[in-house]
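# Chains, contacts and geometry: an overview
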Amino acid sequence: DTGVSQDPRHKITKRGQNVTFRCDPISEHNRLYWYRQTLGQGPEFLTYFQNEAQLEKSRLLSDRFSAERPKGSFSTLEIQRTEQGDSAMYLCASSLTFPNTEAFFGQGTRLTVV
Amino acid sequence: GQQLNQSPQSMFIQEGEDVSMNCTSSSIFNTWLWYKQDPGEGPVLLIALYKAGELTSNGRLTAQFGITRKDSFLNISASIPSDVGIYFCAGQKAAGNKLTFGGGTRVLVKP
């Protein structure tokens, strides 16, 4: 399967703990995006990379959140000192920049903070 | 917050019926995409639209990019049970940039 892969699929953590999620994009895609989705809502943009450069961060991305894409391939999203409000589905997507720029999503990581 | 308004928020379908939904925005988007999401899964791309006025089909799905670039429409013809799910529209200001999503249209089967 050469689609976007996310790990883990589910994560339950206690409030105050740190968590890290991984995303492996489609191999030739140079753009990688992170979104967050809460129940009953559409996905909301968090941040995106072109290769290893982080080009944009949403105001939703508080200082407890950090994302990296060190070699321009896989990416990690870390949440420090988790809060119950962080409970959501975290979605990763990837795309080309030319000629077609459609974003393809992974299956997501469901985070539950207890 | 989200800038795209999807209508209707939910709808019931009966097998064989045609289904329509739309998405409107207060600002211009230069690319429109439609996704379908099943419970517990990520969104799956259905159709991408790149030009104002463009009409694109993918099997029983047809989508249009509104002339004003502030709206888009999705039609499903001859619906089948597996069409159940949540349909999201998404807009991009520039190709390859972040997506802004609507709140979704939930398609359910008539009891």
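One structure accompanies this document, and this report is about it. On a predicted model such as this, the values are computed, not experimentally measured, just so you know. (Residues numbered from 1 in each chain as written. Chains lettered and ligands numbered in written order. Predicted model: local features only at pLDDT ≥ 70, side-chain atom pairs only at ≥ 80, totals over all residues. Heavy atoms only, no water.)

## Digging into the interface of chain B and chain A
Think of interface size as the accessible area that goes away when the parts come together; that is how it is often given. With 22 residues of chain B at the interface, the matching set in chain A holds 23 residues. Summed over both sides, the interface of chain B with chain A buries roughly 1700 Å², with 50% coming from carbon and sulfur. Joining chain B to chain A, the criterion identifies two salt bridges. Taking the shortest distance from any N to any O, the salt bridge between R9 of chain A and E41 of chain B comes out at 3.8 Å. On the surface where chain B and chain A come into contact, there are ten residue pairs in polar contact (both at pLDDT 80 or more). Among the residues forming the side of chain B that touches chain A, the class breakdown is ten nonpolar, ten polar and two charged. (Contact = heavy atoms within 4.5 Å. Buried area = accessible area lost by both parts, 1.4 Å probe. Salt bridge = Lys/Arg side-chain N within 4 Å of Asp/Glu carboxyl O. Polar contact = N/O pair within 3.5 Å; in protein donor to acceptor, adjacent residues only side chain to side chain. Nonpolar A, V, L, I, M, F, W, Y, C, P; charged D, E, K, R; others polar.)

## Brief notes about the nonpolar core
Ranked by internal contacts, the top residues of the largest apolar core, which has 20 residues, are M21, W32, W34, I47, L49, L74 and Y87 of chain B. If we skip the residues at most four places from it in the chain, M21 of chain B touches S7, P8, M11, W34, S72, F73, L74, I76, Y87, T105 and V107 of chain B. F49, Y90, C92 and V113 of chain A belong to the second largest nonpolar core, which has 19 residues in total. (Core = buried A, V, L, I, M, F, W, Y, C linked by side-chain atoms within 4.5 Å. Buried < 20%, exposed > 50% of the residue type's maximum accessible area, 1.4 Å probe, protein only.)

## Details of the layout of surface pockets
Counted as a void, the largest pocket has a volume near 490 Å³. What lines the largest pocket is a set of 27 residues, among which G40 and Q41 of chain A together with I86, F88 and R106 of chain B lie closest to the centre. Elements represented by at least two residues in the lining of the largest pocket include exactly β1 (4–7), β9 (85–92) and β11 (105–109) of chain B. Top element by residues in the lining of the largest pocket is β11 of chain B. It accounts for four residues. Its residues assigned to classes, the lining of the largest pocket comprises nine nonpolar, 14 polar and four charged. (1 Å grid on protein atoms, 1.4 Å probe; cavity = no way out; pocket = protein on both sides within 12 Å on 5 of 7 lines; lining within 4 Å. Points joined across faces, edges and corners; volume = space filled by probe spheres on them. Helix = DSSP H or I, 4+ residues; strand = E, 2+ residues; numbered from the N terminus.)

## Quick notes on the sheet that holds strand β3 (residues 19–25) of chain B
All names here are of chain B. Spatial strand order, β1-β3-β8-β7-β6: five strands in an open sheet with antiparallel pairing. At either margin of the open sheet sits one strand with a lone partner, and together these are β1 and β6 (55–58). Direction aside, neighbouring strands of the sheet carry axes that sit 15 degrees apart on average. Where β3 meets strand β8 (residues 71–76), six bridges bridge the pair, whose relative direction is antiparallel. Bridge assignment links N22 to a residue of β8, and that residue is F73. (Pairing = 2+ DSSP bridges. Axes fitted to C-alpha atoms, helices over the stretch in contact; angles between N-to-C directions.)

## Some remarks on the pairing of β6 of chain B
With four bridges joining them, β6 of chain B and strand β7 (residues 61–65) of chain B adopt antiparallel strand pairing. Pairing of L55 of chain B across the sheet is with Q64 of chain B, part of β7 of chain B.

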